[in-house]
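Single-letter residue listing:
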Amino acid sequence: MRRIQYPQYGGPDTMRLEDFTLLAPKEDEVAVEVTATAINPIDWKIRRGELKMMTGRTFPRAMGSDFSGTVTATGPGGTAFKPGDHVFGIAPLKSSGAFAEAVVVPAANLAAKPDGLSFEQAAAFATPGFMAWAGLVDRAHLTAGQRVFVNGATGGVGEAVVQLARSLGATVTGTTGVDALDRARALGIDPAYDYRTTDLADTADLHGTVDVLFDTNGSLPVRTAMRLLKKTGVFLDINATPAKFAHSAINRRHKIFFCKPDEKTLTQTAALAAAGKIVMPIGETVPLDGAITLITELEKGRKINGKGLILTTPHH
């Protein structure tokens, strides 16, 4: 089998497409032949060593989190899945490994792929859909009629947040780049602000109006975020720093969270995706042989108006 891995934490030049031996799944684990895998910023943040407190120092380390494919084996004792099942899921932060022809993951990190979703669509929305649900539903308890502000509204997670919020009956406003303002408006974001020309700290008509603020890219200063919130508002934050952890410890409305997948949430978001309520645009698709180039370009800031996808064709 082949996968993208790296011999030490570092920049794009550490990535290699190399052979590896797929280990047999242990109890409560599943082996999956990967069909499609999606690129997320978390993938290169892990490789750079930004999360090494959680990911450790064992090398080589594999890359990749979101994937879809077909179950080939299950661990001793069996799981809810069986060989031949079509699944999608999110590889654990510590082991990663989805940028590969096959991967072994805990059964809890998987859900059945709905028949109405292609393998590409299932891989593309795994983390965005999960993070949107984990924030809006599980932490903010969003209800119809509330106002949501999304910082980074046309990124992967941002688009899922906007679509989920609107499907739950909320009104949505947010920021994006000038070249994505039309896309933001098409998603139903009203008004949509150009982050380069809008200083939210000075946008008085927003202050104190937001029920749920979701910062998807970590660029919003905490002080500004809290200024936009209503007295009962919630600040959802998926980009942790030591200073933010300190703030969230003293202010319960500031909720920092990570992607800890579970089958129930993945299944719920998959149903929304299959019903067309969360649609993730796919910007570019490459084979595994071309993946390192695309990952590097996205990491350096190239925009492709959708998710970058890697399609793998395993050698049999």
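Figured I'd write up the structure that's included with this text. (Residues numbered from 1 in each chain as written. Predicted model: local features only at pLDDT ≥ 70, side-chain atom pairs only at ≥ 80, totals over all residues. Heavy atoms only, no water.)

**What to know about the packing of helix α1 (residues 41–48) against helix α9 (residues 291–299)**
Here comes step 1: At their nearest, the axes of α1 and α9 sit 10 Å apart, and the two run at 90° to each other. One way to sum up the angle between α1 and α9 is to call them roughly perpendicular. Where α1 abuts α9, its residues Trp44, Arg47 and Arg48 lie against Ile295, Leu298 and Glu299.
Here comes step 2: Grouping the constituent residues of the contact of α1 with α9 by class yields 3 nonpolar, no polar and 3 charged. (Axes fitted to C-alpha atoms, helices over the stretch in contact; angles between N-to-C directions. Helix = DSSP H or I, 4+ residues; strand = E, 2+ residues; numbered from the N terminus. Parallel < 35°, antiparallel > 145°, perpendicular 65-115°, else oblique. Contact = heavy atoms within 4.5 Å. Nonpolar A, V, L, I, M, F, W, Y, C, P; charged D, E, K, R; others polar.)

**A word on the pattern of salt bridges**
Here comes step 1: Throughout the structure, instances matching the rule amount to 12 salt bridges.
Here comes step 2: Across the pair Arg48 and Glu50 runs a salt bridge, and its minimum N-O distance is 3.1 Å.
Here comes step 3: For Arg48, a relative accessible area of 36% translates into the label partly exposed.
Here comes step 4: A cluster of three or more residues bridged by salt bridges with shared partners is formed by Arg47, Arg48, Glu50 and Glu299. (Salt bridge = Lys/Arg side-chain N within 4 Å of Asp/Glu carboxyl O. Buried < 20%, exposed > 50% of the residue type's maximum accessible area, 1.4 Å probe, protein only.)

**Considerations on the side chain of Thr296**
Here comes step 1: Following the sequence through the fold, Thr296 ends up in helix α9.
Here comes step 2: By relative accessible area, which is 16% here, Thr296 ends up buried.
Here comes step 3: Within polar-contact distance, the side chain of Thr296 engages the backbone oxygen of Ile292 at 2.8 Å. (Polar contact = N/O pair within 3.5 Å; in protein donor to acceptor, adjacent residues only side chain to side chain.)

**Notes on the packing of aromatic side chains**
Here comes step 1: Across all of its chains, the model carries 6 aromatic pairs by this definition.
Here comes step 2: Measuring from ring centre to ring centre gives 6.0 Å for Phe214 and Phe257, while their planes differ by 75°; the resulting arrangement is edge-to-face. Taken together, the positions of Phe214 in strand β12 (residues 210–215) and Phe257 in the loop between β14 (254–256) and α8 (263–274) put the pair 43 residues apart, joining distant regions of the chain. Residues Phe214 and Phe257 agree in their burial class; the two are buried.
Here comes step 3: In this structure, Arg3 packs its charged tip against the face of Phe20, placed 4.3 Å from the ring centre. (Phe/Tyr/Trp six-rings, centres within 6.5 Å; stacked < 30°, edge-to-face > 60°. Lys NZ or Arg CZ within 6 Å of the ring centre and 35° of its normal.)

**Observations concerning the sheet that holds strand β13 (residues 229–237)**
Here comes step 1: The strand order across the open sheet formed by 6 strands is β11-β10-β9-β12-β13-β14, and the pairing between neighbours is parallel. Because the sheet does not close on itself, it has two edges, and the strands there are β11 (192–194) and β14. Strand-to-strand twist across the sheet, computed as the mean angle between neighbouring axes with direction ignored, equals 15°.
Here comes step 2: The strands touched by helix α3 (residues 119–139) within the sheet are β9 (147–151), β12, β13 and β14, with β12 carrying the most contacts at an inclination of about 155°.
Here comes step 3: Taken strand by strand, helix α4 (residues 156–167) contacts β9, β10 (171–176) and β12, and its axis lies near 170° from that of β9. (Pairing = 2+ DSSP bridges.)

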